[in-house]
Amino acid sequence: MTPGAGDALRERLLRSLTTMLGFYGLTLEADGHANPRLERGPDCAAKSRGWLQPGDHNHLRLTRILTSLRLLGLEDYSRALYACLADVARDHPHAVSATTLAYWQRAAS
């Protein structure tokens, strides 16, 4: 890998993350790369109808996002996304199984 390539990959991943968070109705607050916080956005209720249901294929996509963040050195983002998803899952236990939540936790750890 060329020098700086890792930084470029991380920046691209963060741009992709922001795009996907918008799809899920989530928002990102971060000071540079320190202390990222993910929260439900104002349109989360409307957007979650598209992915917050049992066995939805987006649950697998979220697992891959969590893993990618962790593997490319953005562990804080992976943990912040997991914390946000776990919060959503607590409020919607019918939509996110305990198995899915366990996958998400392992992917972020």
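Since the structure is predicted, the reported quantities are computational estimates derived from the model, not experimental observations.

The tally for this structure, following the rule as stated, stands at six salt bridges. Residue Arg10 is joined to Asp7 by a salt bridge in which the shortest nitrogen-to-oxygen separation is 2.8 Å. Taken together, the positions of Arg10 and Asp7, both in helix α1 (residues 5-24) and three residues apart, correspond to about one turn of that helix. Judged by its relative accessible area of 24%, Arg10 falls in the partly exposed class. On the accessibility criterion, Asp7 (48% relative accessible area) is partly exposed.

With 29 residues, the main nonpolar core has Leu17, Leu26, Leu66, Leu69, Leu81 and Leu85 as its most contacted residues. When residues of this core are traced back to their parent elements, those giving at least two are α1, α3 (57-71), α4 (75-91) and α5 (98-108). Top element by residues in this core is α4. It accounts for nine residues. The residues contacting Leu69, other than those within four sequence positions of it, are Leu13, Leu17, Leu74, Glu75, Tyr77, Ser78 and Leu81.

Right, let's talk about α5 for a bit. Within α5, the full set of buried residues consists of Thr100, Trp104, Ala107 and Ala108. One side of α5 carries all its buried residues, which in axial view fall inside an arc of 95°. Relative to its buried face, α5 has exposed residues pointing more than 90 degrees away, namely Ala98, Thr99 and Arg106. Buried residues in α5 make contact with α3 and α4.

In an α-helix, one full turn covers 3.6 residues, which means residues spaced three or four apart are oriented alike. Taking 1.5 Å of rise per residue, the 15 residues of α3 would be expected to cover 21 Å, and the 22 Å separating its terminal C-alpha atoms lies within 8% of that figure. Residues Asn58, His59, Leu62, Thr63, Ile65, Leu66 and Leu69 constitute the buried set of α3. Projected down its long axis, α3 carries its buried residues within an arc of 160°, all on one side. Along α3, exposed side chains directed more than 90 degrees from the buried face belong to Leu60, Arg64 and Leu71. Of the residues trailing α3, Gly73 is marked for its positive phi of about 85°.

What follows is about the packing of α3 against α4. In contact at an axis separation of 7 Å, α3 and α4 are set at 150° when each is read in the N-to-C sense. As the angle between them shows, α3 and α4 are arranged roughly antiparallel. Along this stretch, α3 crosses α4, giving a crossing that reads as left-handed. Contacts from Leu62, Ile65, Leu66, Leu69 and Arg70 in α3 reach Glu75, Tyr77, Ser78, Leu81, Tyr82 and Leu85 in α4. Along the lines of polarity and charge, the residues of the contact of α3 with α4 split into eight nonpolar, one polar and two charged.

What counts and how
- Residues numbered from 1 in each chain as written.
- Predicted model: local features only at pLDDT ≥ 70, side-chain atom pairs only at ≥ 80, totals over all residues.
- Heavy atoms only, no water.
- Salt bridge = Lys/Arg side-chain N within 4 Å of Asp/Glu carboxyl O.
- Helix = DSSP H or I, 4+ residues; strand = E, 2+ residues; numbered from the N terminus.
- Buried < 20%, exposed > 50% of the residue type's maximum accessible area, 1.4 Å probe, protein only.
- Core = buried A, V, L, I, M, F, W, Y, C linked by side-chain atoms within 4.5 Å.
- Contact = heavy atoms within 4.5 Å.
- Arc of directions from axis to C-beta.
- Expected span 1.5 Å × (residues − 1).
- Axes fitted to C-alpha atoms, helices over the stretch in contact; angles between N-to-C directions.
- Parallel < 35°, antiparallel > 145°, perpendicular 65-115°, else oblique.
- Left-handed = near helix turned anticlockwise from the far one by under 90°.
- Nonpolar A, V, L, I, M, F, W, Y, C, P; charged D, E, K, R; others polar.

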